[in-house]
Amino acid sequence: SVGVSTKSQLTQWPVQLHLVSPAAPYFNECDLLVAADCTAFALGSFHNDLLKGKKLVIACPKLDDTQGYVEKLAEMIKVNTVYSLTVATMSVPCCSGLRIIVEKAVELSGKNIAIRNIIVDVNGEIV
């Protein structure tokens, strides 16, 4: 209902991948969440289940001009200590491109970081 609030778990700004700086100090020594734009709207518990304790970048692999995304993420991973990397995407086909971008970025960074994949279906459930 209106007026009932849940505390935001967002601890930095900006969050859009086009706008963030790979050298921003909040990305050093962090757990990083790369989320497709729609995930935060589809998953009602996004803040507490996925975002809590992490730094965030968001992107849409279908609608964004993704040129430079691989390189930007690779630089972010390369110049910072990233403890963990989670990718949250929707279960729709257009979202799979974000996982590919992140996988290529990790490879390009030269670092060995495991990627945790979270998939949210259109009913707002993690699958």
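For the structure, check the block above.
The sections below set out a description of the structure shown in this document. Model, not experiment: these values are computed from the prediction.

It is worth spelling out the environment of Asp 121 at this point. Structurally, Asp 121 is set in the segment after strand 4 (115–120). Asp 121 sits in the buried class, given a relative accessible area of 15%.

In this structure, the largest pocket occupies an estimated 200 Å³ of space. Around the largest pocket, the lining is made up of 14 residues, and of these Val 15, Ala 40, Phe 46, Leu 56 and Ile 58 lie nearest the centre. Listing elements by their share of the lining of the largest pocket, those giving two or more residues are strand 1 (30–36), helix 1 (39–42), helix 2 (46–51) and strand 2 (55–59). Grouping the constituent residues of the lining of the largest pocket by class yields eleven nonpolar, two polar and one charged.

Topologically, Thr 86 is positioned in strand 3 (residues 82–90). Classification of Thr 86 as buried rests on a relative accessible area of 3%. In contact with Thr 86, other than residues within four places in its own chain, are Leu 32, Leu 33, Val 34, Lys 54, Arg 116 and Ile 118.

What counts, and where the lines are drawn
- Residues numbered from 1 in each chain as written.
- Predicted model: local features only at pLDDT ≥ 70, side-chain atom pairs only at ≥ 80, totals over all residues.
- Heavy atoms only, no water.
- Helix = DSSP H or I, 4+ residues; strand = E, 2+ residues; numbered from the N terminus.
- Buried < 20%, exposed > 50% of the residue type's maximum accessible area, 1.4 Å probe, protein only.
- 1 Å grid on protein atoms, 1.4 Å probe; cavity = no way out; pocket = protein on both sides within 12 Å on 5 of 7 lines; lining within 4 Å.
- Points joined across faces, edges and corners; volume = space filled by probe spheres on them.
- Nonpolar A, V, L, I, M, F, W, Y, C, P; charged D, E, K, R; others polar.
- Contact = heavy atoms within 4.5 Å.

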